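Structure assessment
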Amino acid sequence: MTQRQLATVKTYLDRLQAGDTAGLIACFESEGQVHSPFLGTMRAREFFQKLAAASAASVITPIDLLVSAEPAADAVRVAAYFRYDWTLSDGRIVHFTCVDVFRFAAGSADIRDMHIVYDTHPLREQVGDKYAPDAP
């Protein structure tokens, strides 16, 4: 079963790099959520629409894919560790490594939710609060 979830994560990374908002949303359950250190918790649809508005381009360099060593009975977790070279809509480029932790319902290849993990301090120094939830 894990091969289907790994395939979804690889598709997700490809679509993230391509800037394919509809394709990213399609990787998630209809009520799927994203937990972002920058934007908080949002439905995947709203999160990726906001990301698209803030982005001009993305280069994703995968470092590793990891599957939980102790899967829960009702869920499968896959983590993607990658370098993100993000060109903002204003032309600035920020670089950081992050881990996205994907949770799938047992037997499903659709992402239930995703936790994004990275050090926000360097990114906030470069970007400021321009893309924070209450930014104009």
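See the structure shown above.
Report on the accompanying structure. Since the model is a prediction, treat every value here as computed from it, not as a measurement.

Below, the discussion takes up the nonpolar core. Most often, soluble globular proteins have nonpolar side chains that are buried together. Counting residues in hydrophobic clusters, the biggest one holds 35 residues, and the most contacted among them are Tyr-12, Phe-28 and Phe-48. Where this core is concerned, the elements lending two or more residues are α1 (2-18), α2 (21-26), β1 (28-36), α3 (44-54), β4 (75-88), β5 (93-105) and β6 (111-117). Examining the composition of this core, we find that seven residues originate from one element, β4, more than from any other. When near neighbours in sequence (up to four residues on either side) are disregarded, Phe-28 contacts Tyr-12, Gln-33, Val-34, Ala-44, Phe-48, Asp-110, Ile-111 and Met-114.

Attention shifts here to the sheet that holds β1. Taken in spatial order, the six strands line up as β2-β1-β6-β5-β4-β3 in an open sheet, and their pairing is mixed. On the outer flanks of this sheet lie β2 (40-43) and β3 (55-67), each paired with one strand and no other. Each strand of the sheet is rotated relative to its neighbour by a mean of 25 degrees, with strand direction disregarded. In this sheet, β6 lies alongside β1 in parallel orientation, the contact comprising four bridges. What sits directly across from Gln-33, in β6, is Asp-113. Across the sheet, α1 touches β1, β3, β4, β5 and β6, and the angle it forms with β3 is around 155 degrees.

All right, on to α1 then. Since the α-helix turns once every 3.6 residues, residues separated by three or four places project in the same direction. Here α1 spans 24 Å end to end across 17 residues, near enough to the 24 Å set by a 1.5 Å rise per residue. Those residues of α1 that sit buried are Gln-5, Leu-6, Thr-8, Val-9, Tyr-12, Leu-13 and Leu-16. End-on view of α1: buried residues confined to an arc of 155 degrees, all on one side of the axis. Summarising the geometry of α1, the exposed residues directed more than 90 degrees from the buried face are Gln-3, Asp-14 and Ala-18. Note on α1: the residue one or two positions beyond its end, Gly-19, has a positive phi of about 70 degrees.

Let us look at the pairing of β4. Burial of β4 is extensive: 11 of the 14 residues sit out of reach of the surface. Hairpin connection of β4 to β5: four residues between the antiparallel strands, including Gly-91 at a positive phi of 95 degrees.

Conventions adopted
- Residues numbered from 1 in each chain as written.
- Predicted model: local features only at pLDDT ≥ 70, side-chain atom pairs only at ≥ 80, totals over all residues.
- Heavy atoms only, no water.
- Core = buried A, V, L, I, M, F, W, Y, C linked by side-chain atoms within 4.5 Å.
- Buried < 20%, exposed > 50% of the residue type's maximum accessible area, 1.4 Å probe, protein only.
- Helix = DSSP H or I, 4+ residues; strand = E, 2+ residues; numbered from the N terminus.
- Contact = heavy atoms within 4.5 Å.
- Pairing = 2+ DSSP bridges.
- Axes fitted to C-alpha atoms, helices over the stretch in contact; angles between N-to-C directions.
- Expected span 1.5 Å × (residues − 1).
- Arc of directions from axis to C-beta.

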